[in-house]
Amino acid sequence: MISSIEVDSFRGIKSFKLENLSQVNILTGNNNCGKTSILEILDSFGQPDDFRRWRSLIRKDVRTALRAGVSYYEGFYNLFGINLEEKYLRYVIVEDSDITEVSVFANVVEEEINDKEYMDMAGVVSISEEQETELSDMVHLVSRLDMEAEINGKSVRKLSIYDAQKGLRLPFQKGKKYTSTVSG
């Protein structure tokens, strides 16, 4: 059973702590005060080392969001505090006597890629060989979000996502709940 949750940074939450949790807890509060974010933290805790799990936290349905112009880049970027120059999220969950700290760090990098790579990323699939040759000579400056997940201070997963990227190419990872313990 989870007995406490401490959030250092996640979405709009700068600092937050819930202690003495019981088997049933009720979160109440005004709109936009962080109730959903706490539930998302609990959801990510099921597999904090799997970016597919983090992808599920994009607030809108992925297909609807992508059609509406929200890319995976924007969806992941929105997990981090909006007013923080350093992009990170961190929370600590105490479960029975186990303490698990989950952190995800992100760095925004600008990179030049050719049009062919850009179109592949954006999901454009039907172009001729002639167009492909022409596109390989053109370049775009795109933003890339380099992310690294850590559990209890140990790096467990890295992922880079480009702006306008329409899909995630993630290796399959068999689902598991992470249960490493930190003494303390």
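Everything quoted here is computed from the prediction, not taken from an experiment.

Scanning all chains against the criterion turns up eight salt bridges. A salt bridge links Glu19 to Lys17; its shortest N-O distance comes to 3.4 Å. Residue class for Glu19 comes out partly exposed when judged on its relative accessible area of 49%. Lys17 sits in the partly exposed class, given a relative accessible area of 46%. Between Arg144 and Asp146 there is a salt bridge, with its nearest N and O atoms 2.7 Å apart. The network of salt bridges with common partners includes Glu6, Lys17 and Glu19.

This structure, assessed with the given rule, holds two aromatic pairs. Ring centres of Tyr73 and Tyr77 lie 6.0 Å apart, and the angle between their planes is 15°; on these two criteria the pair is classed as stacked. Of this pair, Tyr73 and Tyr77 both sit in helix H4 (residues 72–77), four residues apart, which is roughly one turn of that helix. Judged by its relative accessible area of 29%, Tyr77 is partly exposed.

A word on the nonpolar core. Residues Trp54 and Met147 are the most contacted members of the largest nonpolar core, which totals 29 residues. Here Trp54 is in contact with Phe10, Ser44, Pro48, Phe76, Leu79, Leu89, Tyr91, Val102 and Val104, once residues within four sequence places are set aside.

This part is about a nonpolar patch on the surface. Taken together, the side chains of Leu27, Leu39 and Leu42 present a nonpolar region at the surface, about 240 Å² in accessible area. With respect to the secondary-structure elements, Leu39 resides in helix H1 (residues 35–45).

Right, let's get into the side chain of Ser103. Positionally, Ser103 belongs in strand S4 (residues 98–114). Side chain to side chain, Ser103 and Arg90 meet in a polar contact 3.2 Å long. Ser103 has contacts with Leu89, Arg90, Glu148, Ala149 and Glu150, leaving out every residue within four places of it along the chain.

Right, let's get into unusual backbone geometry. Phi is positive for Arg11, which is not a glycine, with a value near 50°. Assignment of secondary structure puts Arg11 in the loop between strand S1 (2–9) and strand S2 (16–18). Of note in the backbone geometry, Asn152 takes a positive phi value of approximately 50° without being a glycine. By secondary structure assignment, the location of Asn152 is in the loop between strand S5 (139–151) and strand S6 (154–162).

This next bit is on the sheet that holds S1. Strand order in this open sheet of six strands is S2-S1-S3-S4-S5-S6, and the pairing throughout is antiparallel. The two strands at the open ends of the sheet, each matched to only one other strand, are S2 and S6. Neighbour-to-neighbour, the strand axes of this sheet turn through a mean angle of 15°, independent of strand direction. Of the strand pairs in this sheet, strand S3 (residues 87–95) and S4 are connected by nine bridges, and their pairing is antiparallel. Counterpart to Glu95 in the pairing with S4 is Asp98.

What follows deals with the confidence of the model for the protein chain. Interpretation of this model should avoid reading the predicted coordinates in detail wherever pLDDT is low. This prediction gives the protein chain a mean pLDDT of 80; 77% of its residues lie at or above 70. Long-range and interchain partners of residues 170–184, a stretch whose pLDDT sits below 50, account for 32 contacts in this model, where long-range means more than four residues apart.

What follows concerns the pairing of S6. Where S5 meets S6, eight bridges bridge the pair, whose relative direction is antiparallel. Note that in S6 the partner of Met147 across the bridge is Leu159. Between the end of S5 and the start of S6, which pair antiparallel, lie two residues, with Asn152 showing a positive phi angle near 50°.

Reading guide: rules and limits
- Residues numbered from 1 in each chain as written.
- Predicted model: local features only at pLDDT ≥ 70, side-chain atom pairs only at ≥ 80, totals over all residues.
- Heavy atoms only, no water.
- Salt bridge = Lys/Arg side-chain N within 4 Å of Asp/Glu carboxyl O.
- Buried < 20%, exposed > 50% of the residue type's maximum accessible area, 1.4 Å probe, protein only.
- Phe/Tyr/Trp six-rings, centres within 6.5 Å; stacked < 30°, edge-to-face > 60°.
- Helix = DSSP H or I, 4+ residues; strand = E, 2+ residues; numbered from the N terminus.
- Core = buried A, V, L, I, M, F, W, Y, C linked by side-chain atoms within 4.5 Å.
- Contact = heavy atoms within 4.5 Å.
- Patch = residues over 30% accessible without salt bridge, like charges linked within 9 Å, V, L, I, M, F, W, Y side chains within 5 Å.
- Areas by Shrake-Rupley, 256 points an atom, 1.4 Å probe, with all protein chains shown as cover.
- Polar contact = N/O pair within 3.5 Å; in protein donor to acceptor, adjacent residues only side chain to side chain.
- Pairing = 2+ DSSP bridges.
- Axes fitted to C-alpha atoms, helices over the stretch in contact; angles between N-to-C directions.
- pLDDT = per-residue confidence, 0-100.

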